[in-house]
Amino acid sequence: MRGITLLLSILAILAVWVAFSWRDTFEPESLSGARVLVTGASDGIGEQMAYHYARFGAQIVLTARREAVLQKVMAKCLELGAKKAIYFSADMASPTEPENLVRFALQHLGGLDYVVLNHIGSTPFEMWDGDMDQQRWLMQVNFFSYVAIASAALPALTESKGSLVVVSSLAGRIANPYVASYAATKFGLEGFFGSLRHELIMQKKDVSITLCFLGLIDTKNAMEKVKGKVNMSAAPASEAALAIVKGGVTRAAEIFYPWTVQLLFLIRDWFPDQRDKIIRGYYNYDPPHA
Ligand code: NAP
Ligand code: NN4
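The following refers to the structure shown. Just so it is clear, the structure is predicted and the values come from calculations on it, not from any experiment. (Residues numbered from 1 in each chain as written. Chains lettered and ligands numbered in written order. Predicted model: local features only at pLDDT ≥ 70, side-chain atom pairs only at ≥ 80, totals over all residues. Heavy atoms only, no water.)

Take the packing of aromatic side chains next. Given two aromatic rings, one states the distance between the centres and the angle between the planes to describe the pair. Taken as a whole and assessed by the stated rule, the structure comprises 13 aromatic pairs. When the centroid spacing of 6.0 Å and the interplanar angle of 25 degrees are considered together, the rings of Phe-125 and Tyr-283 count as stacked. On the criterion of sequence distance, the pair formed by Phe-125 in the loop between strand S4 (114-117) and helix H5 (132-160) and Tyr-283 in the segment after helix H10 (272-281) is long-range, its members being 158 residues apart. Here Phe-125 and Tyr-283 have matching classes, each one buried. Seen from their ring centres, Phe-143 and Phe-192 are 6.3 Å apart, and the 85 degrees between their planes marks the pair as edge-to-face. Placement of the pair is Phe-143 in helix H5 and Phe-192 in helix H6 (residues 180-202), with a sequence separation of 49 residues. One aromatic cluster in this structure is built from Phe-143, Phe-144, Phe-192 and Phe-193. (Phe/Tyr/Trp six-rings, centres within 6.5 Å; stacked < 30°, edge-to-face > 60°. Helix = DSSP H or I, 4+ residues; strand = E, 2+ residues; numbered from the N terminus. Buried < 20%, exposed > 50% of the residue type's maximum accessible area, 1.4 Å probe, protein only.)

As for its placement among the helices and strands, Thr-219 is situated in the loop between strand S6 (208-214) and helix H7 (220-226). In contact with Thr-219, not counting residues within four places along its chain, are Gly-44, Ile-45 and Ala-237. (Contact = heavy atoms within 4.5 Å.)

For the rest of this paragraph, the subject is the site of ligand 1. As a structural note, the neighbourhood of ligand 1 is formed by 30 residues, with Ser-42, Arg-65, Arg-66, Tyr-182 and Asn-221 the closest of them. Contact distances for ligand 1 include 3.3 Å between an oxygen atom and a backbone N or O atom of Asp-43. Within the contact set of ligand 1, an oxygen atom lies 3.1 Å away from a side-chain nitrogen or oxygen of Thr-219. Breaking the shell around ligand 1 down by element, the ones donating at least two residues are helix H2 (44-55), H5, H6 and H7. (Near = heavy atom within 4 Å. Polar contact = N/O pair within 3.5 Å; in protein donor to acceptor, adjacent residues only side chain to side chain.)

Before going further, it helps to spend a moment on the nonpolar core. Formed by 50 residues in total, the largest nonpolar core has its most connected members in Val-115, Leu-117, Leu-164, Val-166 and Phe-193. Counting only elements with at least two residues in this core, the list comes to strand S3 (84-89), helix H4 (97-109), S4, H5, strand S5 (163-167), H6, S6 and helix H9 (260-267). Sort the elements by how many residues they give to this core and H5 lands first, with 11 residues. Residues within four places of Leu-164 in sequence aside, it is in contact with Val-115, Leu-117, Ala-150, Leu-157, Phe-193, Leu-196, Ser-208, Ile-209 and Thr-210. Counting 40 residues, the second largest nonpolar core, distinct from the first, contains Ala-50, Tyr-51, Ala-64 and Val-249. (Core = buried A, V, L, I, M, F, W, Y, C linked by side-chain atoms within 4.5 Å.)

This is the structure we're talking about:
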């Protein structure tokens, strides 16, 4: 009887903790007029984030490589209610463009409240092929450019007591097949920005860092890349984007979307062999016959 009482008490405490940690403290009005930089804003989750910021009346700098596409996203942001929407076309494979991007954003917005690091280089969803030049390029686009943008924007974010939002992945904390090169860039994000979060707190600089861990999301590129290779349902890009936007506004240290990602992280170290068998079970892989 005493055991059952203890178990029920633990479950009750767990239920209260889950309810408290998942409570929605998001205040949309706080985004009205907010100065936001969104990278990878021409497509996918970044495009959807731009539209959410626009609906909340933010001032937005959009960036990606394709200028014509950015112009269309900019026009839709203005239609949706953005107080300002401009774009800066740049290739984040360039070591100098991150600083140029932040300078442009500061010149046109007068400061920054949110910097959303979202872009990724084109990622093959394939077994590792040993291409070191592609690994170096992807590390530049997916990791080094994030560090460079954050570093250039940090003085402005310190001034505004703003937020750095870093989009990562399930593959940024748990190894998956076919994403070795990409996972390396994502694992680095938690290492770097988790450490930076400590240092900002120690320096009493009120800049929040939100790490966003996403599962499979139904963007065009993602669906094309994984088609026929995995049996896993993808979550909606617009809802993933809103979860990220809310995480930045509430200054959450981490957000997980969909919620199953958090569950996977919770059990990550308890049964590693079983976990890895479950992950490989989602893949359609027939080994070549000897
Ligand atoms: P996506 O649809 O492929 O869009 C990528 C964006 O990055 C585009 O706007 C693209 O625009 C831009 N981009 C690509 N190469 C670039 C470069 N060299 N320089 C600057 N910008 C570049 O990607 P997504 O699926 O929305 O992913 C967005 C974020 O969510 C990424 O951080 C990704 O890791 C994360 N995520 C996605 C999934 C998923 O299933 N979709 C799952 C987990 C995590 P241009 O081509 O015009 O440059
Ligand atoms: C790889 C990555 C970059 C877009 C699909 C997505 C992920 C969560 C899974 C989850 C799974 C794949 C169990 O981050 N995927 C990304 C590929 C191409 C991407 C792109 O280039 N835009 C991740 C690991 O996706 C397979 O099976 C689960």
